[in-house]
Amino acid sequence: MVSHNQNHFIVISFPAQGHLNPTLQFAKRLLRNGARVTYFTTLSAHKRMLESSSNTSNIDGLTYAPFSDGYDDGYKGGLDDANHFLSEIARCGSQALRELIQSAHDGGSGSVTCIIYAILVPWVAEVARDLQVPSFLLWIQPATVFDIYYYYYNGYKDVLSNNNNDPSYPINLPNLPVLTCKDIPTFFLPTNLYPWALSLFENQFKVFEEESKPVKILVNTFDELELDALKAVDVNKINLIGIGPLIPSAFLDGQDLSDKSFGGDLVTAGTTDEYKDWLDSREEASVIYVSFGSVSVLEHQQMEEIFRGLTECGFPFLWVCREKESKQEGREAEKEEESVLSRIKREGSEQGKIVSWCSQVEVLSHSSIGCFITHCGWNSTLESLVGGVPLIGFPQWTDQGTNAKLIEDVWKVGVRMRVNEETKIVDREEVSRRVKMVMRNEEMKINANKWKELARNAAKEGGSSDRNLRGFVEEIGGLLEGSKE
């Protein structure tokens, strides 16, 4: 029997892998805090979760409410179809969410007391407001990136827009490190190919402006990591609350040792764990882990340069090479890609191991990993920090350049690879140079271990993130009780 006094949260995610992972982990945290949770996303995303090698469908107390957006096999279109895809998510999602809230109210199981939604679905706030249900944003990128967007929509648009892709042009924003065009979200750059992104963020910030009292925003970070960034914006308007890192409990606070699933940016059915035995056979801190996430893609030539750089530096490596890794399309491109991948697998078999998937959070917690060559996605960055692994950044788009800036200049746990200005790619010499630099840098290792301990302390019972989330849940409970008086 469900208690009518129990908080009932709906957690809502955009159907992208990098969004599903942290929102699902957040749902688990709510469950551990005594709430009842319904997880709401598209049917295509739900199918991927069920087909994955994880046990996400069997989480005690978690209910799923998938809806169809007309792309039930996943979005496979290009830029031309993006606006239609996003509008259908908003249209279908709004209707399905209204029906879900209404059915919870009419079904006798208790009304929905709170909605938590991640980025890129600002329409959720409108539905929640219409139905008089409290809603809060879960910001799944660092607080520093939120601050940059905040300033863009609050008086600093020209500062961020007038950089003209000049890497020497300083971008000065209040209470943040000095940035350049390489350090800000790519949506602000003249080369941006995704105009819909700024439109969605603009809609989100309009939601904040319509609130009559200070807005509370939950952030996938922790106080010790971004103390200044969490307080950088006007606290009379916006209160940023660190409740992260949102990664599986088994690798963080240890409250749920069975929670080892759905970590990292890649989840694929039918994969093997042979890479685990390979890692077990390697010396401590000797292996280079290479992965560019579930979205970023590389040119064939760039893959070749990374491979040559890895083989030249001499360290063993574990590289996640996805199929369709390259940007070229068509049958000839497929043949070339197959040739590149097969040659890398063949020639690198003695020194390295090439896999199409791995449990990233598990790999980054393995004692044999010495550094991580990464696209600097926020999930990957946090997983590396929790694992105490130094990073080599190769950012591609969106928030990744900002994350690379923080990694190199603020937290000092890694370096950023530099692109050759003539070829426009990172050459093998740069790859080898950066790997050797990080693998031999004791200060980075010390800093990485420091952040590892601080991250785990924040998440464990009584830590800053644990306190922040408990306080938030108790406040929602107070709202629930107050509504009954």
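Residues numbered from 1 in each chain as written. Predicted model: local features only at pLDDT ≥ 70, side-chain atom pairs only at ≥ 80, totals over all residues. Heavy atoms only, no water.

- As recorded in an unreviewed UniProt entry, the protein goes by Glycosyltransferase and comes from Papaver somniferum.
- Database annotation for the protein, UniProt heading Sequence similarities (unreviewed entry): "Belongs to the UDP-glycosyltransferase family." (UniProt positions renumbered as here; feature names shortened; annotations may be inferred.)

**Quick look at the overall build of the protein**
In step 1: Across its full length, the protein holds 17 helices and 13 strands.
In step 2: As displayed, the protein has an accessible area near 20500 Å², and 47% of this comes from carbon and sulfur atoms. (Helix = DSSP H or I, 4+ residues; strand = E, 2+ residues; numbered from the N terminus. Areas by Shrake-Rupley, 256 points an atom, 1.4 Å probe, with all protein chains shown as cover.)

**Brief notes about the sheet that holds strand β13 (residues 414–416)**
Strand pairing within a sheet occurs via backbone hydrogen bonds; the two strands may be parallel or antiparallel.
In step 1: Strand order in the open sheet formed by 6 strands is β10-β9-β8-β11-β12-β13, with parallel pairing between adjacent strands. What marks the edges here is a single partner per strand, and that holds for β10 (352–355) and β13. Recorded for the sheet is a direction-independent mean angle of 15° between the axes of neighbouring strands.
In step 2: Helix-sheet contacts for helix α15 (residues 428–439) involve β8 (287–291), β11 (369–374), β12 (391–393) and β13, and the interaxial angle to β13 is about 165°. (Pairing = 2+ DSSP bridges. Axes fitted to C-alpha atoms, helices over the stretch in contact; angles between N-to-C directions. Contact = heavy atoms within 4.5 Å.)

**Let's talk about the packing of helix α5 (residues 143–152) against helix α14 (residues 400–410)**
In step 1: Close contact between α5 and α14 brings their axes to 9 Å; oriented N to C, the two are set at 130°. Taken together, the axis directions place α5 and α14 in an arrangement best described as oblique. Considering the relative orientation of α5 and α14, their crossing is right-handed. Contact residues: Thr 144, Val 145 and Ile 148 in α5; Thr 402, Asn 403 and Leu 406 in α14.
In step 2: Across the contact of α5 with α14, the residue classes tally to 3 nonpolar, 3 polar and no charged. (Parallel < 35°, antiparallel > 145°, perpendicular 65-115°, else oblique. Left-handed = near helix turned anticlockwise from the far one by under 90°. Nonpolar A, V, L, I, M, F, W, Y, C, P; charged D, E, K, R; others polar.)

**Thoughts on the packing of aromatic side chains**
In step 1: If you walk through the whole model with that rule in mind, you get 30 aromatic pairs.
In step 2: Geometrically, the ring pair formed by Phe 292 and Phe 394 is edge-to-face, given 5.8 Å between the ring centres and 85° between the ring planes. Here Phe 292 is found in the loop between β8 and α10 (300–313), whereas its partner Phe 394 is found in the loop between β12 and α14, with 102 residues between them in sequence.
In step 3: Using a relative accessible area of 8% as the deciding quantity, one classes Phe 394 as buried. (Phe/Tyr/Trp six-rings, centres within 6.5 Å; stacked < 30°, edge-to-face > 60°. Buried < 20%, exposed > 50% of the residue type's maximum accessible area, 1.4 Å probe, protein only.)

**Quick word on the pairing of β8**
In step 1: Of all 5 residues in β8, 5 are buried, a share of seventy percent or more.
In step 2: Residues of β8 alternate between two faces, with Val 287, Tyr 289 and Ser 291 on one and Ile 288 and Val 290 on the opposite face, all of them buried.
In step 3: Summarising the sheet, β8 and β11 pair through 5 bridges and their orientation is parallel. Along β11, the bridge assignment pairs Val 287 with Ile 369.
In step 4: As paired strands, β8 and strand β9 (residues 317–320) are joined by 3 bridges and run parallel to one another. Within the sheet, the bridge partner assigned to Ile 288 lies in β9 and is Phe 317.
In step 5: In the classification by handedness, the crossover that spans β8, the intervening α10 and the parallel β9 is right-handed. (Right-handed = clockwise from strand over helix to strand, strands pointing away.)

**A word on the confidence of the model for the protein**
In step 1: This prediction gives the protein a mean pLDDT of 88; 87% of its residues lie at or above 70.
In step 2: Predicted confidence for residues 262–271 stays below pLDDT 50, and this span has 40 contacts to residues more than four positions away or in other chains. (pLDDT = per-residue confidence, 0-100.)

**Let's talk about the packing of helix α3 (residues 82–106) against helix α4 (residues 123–130)**
In step 1: At a closest axis distance of 10 Å, the pairing of α3 and α4 adopts a crossing angle of 30°. Taken together, the axes of α3 and α4 lie roughly parallel to each other. When you trace α3 past α4, the crossing you get is right-handed. Seen from α3, the contacting residues are Ile 89, Ala 90, Gly 93, Ser 94, Leu 97 and Arg 98; seen from α4, they are Trp 123, Val 124, Val 127 and Asp 130.
In step 2: Of the residues belonging to the contact of α3 with α4, the class tally is 6 nonpolar, 2 polar and 2 charged.

**Observations concerning the environment of Val 127**
In step 1: With respect to the secondary-structure elements, Val 127 resides in helix α4.
In step 2: On a C-alpha basis, the gap between Val 127 and Ile 101 in space is 9.8 Å, while along the polypeptide they are 26 residues apart.

**Structural notes on unusual backbone geometry**
In step 1: Residue Gly 244 is joined to Pro 245 through a cis peptide bond whose omega torsion reads 0°.
In step 2: With respect to the helices and strands, the residue Pro 245 is situated in the loop between β7 (238–242) and α9 (274–280).
In step 3: Of note, Cys 376 is a non-glycine position whose phi angle comes to about 70°, a positive value.
In step 4: Considering the arrangement of structural elements, one finds Cys 376 in the loop between β11 and α13 (378–387).

**Regarding the sheet that holds strand β1 (residues 8–12)**
In step 1: Read across the open sheet, the 7 strands follow the order β3-β2-β1-β4-β5-β6-β7; overall the sheet is parallel. Bordering the open sheet on either side are β3 (62–64) and β7, each of which pairs with just one other strand. When strand polarity is set aside, the average angle formed by the axes of neighbouring strands in this sheet is 25°.
In step 2: The pairing of strand β2 (residues 36–40) with β3 spans 3 bridges and is classified as parallel. Its bridge partner lying in β3, Thr 38 is registered against Thr 63.

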